[in-house]
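Here's the letter readout for the chains.
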Amino acid sequence: MAETTRPQHLIRLSDWTPAQIDDLLELSLRTKRRGGRAQLPGKTAGLLFFRGSLRTRASFEAAMNQLGGSTINLSAATDFWELESQVGSVMDGKAPEHVKDAAAVMSAYVDVLAIRPKPTGSSWAVDRKDADIHTWAKWARVPVINMESALWHPLQALSDLMTLREALGSLSGKELSIVWTNSPTPATGSVVNSLLHAALAQGMRVRVAHPAGFELDAGVLDEAESLARAHGGSVQCGLSLADGVRDAHVVYARSWMSLEDYSNPTLAATRRARQAGWMLDEKVLALGRDAKLMHAMPVRRNLEVSDALLDGPRSLVYQQAENRLHSQKALLMQLLRG
Ligand code: CP
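Residues numbered from 1 in each chain as written. Predicted model: local features only at pLDDT ≥ 70, side-chain atom pairs only at ≥ 80, totals over all residues. Heavy atoms only, no water.

1. Considerations on helix H5 (residues 131-139)
An α-helix turns once every 3.6 residues. As a result, residues three or four positions apart point the same way. Among all positions of H5, only Ile133, Thr135, Trp136 and Ala137 are buried. Lining the buried residues of H5 we find strand S1 (44-49), strand S3 (83-84), helix H3 (99-109), strand S5 (112-116) and strand S6 (144-146). (Buried < 20%, exposed > 50% of the residue type's maximum accessible area, 1.4 Å probe, protein only. Helix = DSSP H or I, 4+ residues; strand = E, 2+ residues; numbered from the N terminus. Contact = heavy atoms within 4.5 Å.)

2. Considerations on the environment of Gly173
Within the fold, Gly173 resides in the loop between helix H6 (154-168) and strand S7 (175-180). The partly exposed category is assigned to Gly173, whose relative accessible area is 38%. Between the C-alpha atoms of Gly173 and Ala63, which are 110 residues apart in sequence, the distance is 32 Å. With residues up to four places along the chain from it excluded, the contact list for Gly173 reads Gly203, Met204 and Arg205.

3. Observations concerning unusual backbone geometry
Of note, the bond from Met297 into Pro298 is cis; its omega dihedral lies within 30 degrees of zero at 5°. Phi is positive for Met297, close to 65°, though the residue is something other than glycine. The residue Met297 is located in the loop between strand S11 (292-295) and helix H12 (307-310) in this model. The backbone phi angle of Asn302 is positive, close to 65°, even though this residue is not glycine. Turning to its location among the elements, Asn302 is positioned in the loop between S11 and H12.

4. Observations concerning the domain arrangement of the chain
Domain annotation of the chain identifies domain 1 (13-152 + 324-337) and domain 2 (156-321). Taken together, the 27 residues of domain 1 in the interface contact 30 residues of domain 2. Carbon and sulfur atoms make up 61% of the area that domain 1 and domain 2 hide from each other, which totals about 2,300 Å². Ranking the residues of domain 1 by area buried against domain 2 places Trp124, Trp152 and Arg324 at the top, with a combined share of 28%. Summed over the shared surface of domain 1 and domain 2, the number is four salt bridges. The partner of Asp22 in a salt bridge is Arg165, with the nearest N and O atoms 2.7 Å apart. At the junction of domain 1 and domain 2, the tally comes to twelve residue pairs in polar contact (both at pLDDT 80 or more). Mapped onto the side of domain 1 that touches domain 2, the elements with two or more residues apiece are helix H1 (18-34), helix H4 (124-127) and helix H13 (317-336). If one sorts the elements of the side of domain 1 that touches domain 2 by residue count, H1 sits on top with eight residues. Of the residues assigned to the side of domain 1 that touches domain 2, the class counts are twelve nonpolar, seven polar and eight charged. (Domains from an automatic or database assignment. Buried area = accessible area lost by both parts, 1.4 Å probe. Salt bridge = Lys/Arg side-chain N within 4 Å of Asp/Glu carboxyl O. Polar contact = N/O pair within 3.5 Å; in protein donor to acceptor, adjacent residues only side chain to side chain. Nonpolar A, V, L, I, M, F, W, Y, C, P; charged D, E, K, R; others polar.)

5. Concerning the pairing of S5
Most of S5 sits inside the fold, with five of its five residues counted as buried. Because side chains alternate across S5, one face comprises the buried residues Val112, Ala114 and Arg116, and the other comprises Leu113 and Ile115, equally buried.

6. Focus on the nonpolar core
The biggest cluster of nonpolar side chains holds 86 residues, and the ones touching the most others in it are Leu176, Ile178, Leu196, Leu280 and Leu332. Among the elements that make up this core, the one with the highest residue count is H13 (eight residues). Excluding anything up to four places from it in sequence, Leu280 contacts Val179, Leu241, Val245, Val251, Ala253, Leu293, Glu304, Val305, Ser306 and Leu309. Core analysis: the next-biggest nonpolar cluster, separate from the first, contains 16 residues, Ile11, Ala102, Met106 and Ile115 among them. (Core = buried A, V, L, I, M, F, W, Y, C linked by side-chain atoms within 4.5 Å.)

7. Overview of empty space enclosed by the protein
Inspection of every chain in the model, using the stated rule, returns one cavity of 30 Å³ or more. As a volume, the largest cavity reaches approximately 80 Å³. Trp124, Ala187, Thr188, Gly189, Asn193, Glu215, Leu216, Asp217, Trp256, Met257, Leu259 and Tyr262 are the residues that line the largest cavity. The residue makeup of the lining of the largest cavity, split by class, is seven nonpolar, three polar and two charged. (1 Å grid on protein atoms, 1.4 Å probe; cavity = no way out; pocket = protein on both sides within 12 Å on 5 of 7 lines; lining within 4 Å. Points joined across faces, edges and corners; volume = space filled by probe spheres on them.)

8. Examining the packing of aromatic side chains
In total, this model carries four aromatic pairs according to the counting rule given. When the centroid spacing of 5.4 Å and the interplanar angle of 75° are considered together, the rings of Phe50 and Phe80 count as edge-to-face. Linking Phe50 in the loop between S1 and helix H2 (55-66) with Phe80 in the loop between strand S2 (70-75) and S3, this pair joins segments that are 30 residues apart in sequence. Aromatic rings pair up to connect Trp180, Phe214 and Trp278 into one cluster. (Phe/Tyr/Trp six-rings, centres within 6.5 Å; stacked < 30°, edge-to-face > 60°.)

What follows is the structure, encoded as structure tokens:
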């Protein structure tokens, strides 16, 4: 049987080489300046959401529309069958369709498939494997883009790198602080994991400030150490809020779950309730080096970050959200042109 070439997927940013990421960032910045209209006429992106989104869905649709293509947008809540993902399973349960079949069928209709899976929330050991997005990538015959799994959010990281470059120019040696903030609806560490690795691959010096019990995934931290060694940056974790922010060029706020009580919402709420001081305001940011504020959004105003800081001149949050559009246009052009 003839060997088929596997499509290039984007499950995590490090699936792509540093040179490919540099090209993507250059194209993102050029696309922002010039627009890059109608480069993908006749191309279709299939977007499958297993949970909600504002920025990712809207920016992806806008990107395809502006490039002259179109999208098919499907929500698991209303639009398609419950899916089985285990290979070889006897499908006598709730799910009437297998991901293998859905992926093969969708591959005949669209040129790229973007998926936002839903972690089970019942076991970090299980969810950290990101099995669902890997299963789609295994069976699809078109590129699969991860629109945020339990472990990674490569689209956000791409936009974050673009925003960091706009704000700081060369990133090597610059100080990035990632600061845990308090929220009753924290996400997984996907945004932080992706940003941490992306920033270290650019040679940045990264500090992560968080309360005890909110340590990042051990596997992600091991890779972070290797990236810091390989690219001349550094990584320090578990700092206090003040030590995290001091002398930073950019402070990135994000709330993430404790992995110690990942599957126990009651314990998680009790742990979070003890961390009320973890909010960013102008006074805290003043510890930085003329520091800018970033946040992937959605952001809880006056709980994670104060109104004055979010709406003030140091805030890059809307620029970051806008850059989702430009960087995803660049990604789609790289994947679909030619
Ligand atoms: N930052 C981000 O991915 O936003 P949404 O969850 O609204 O898509």
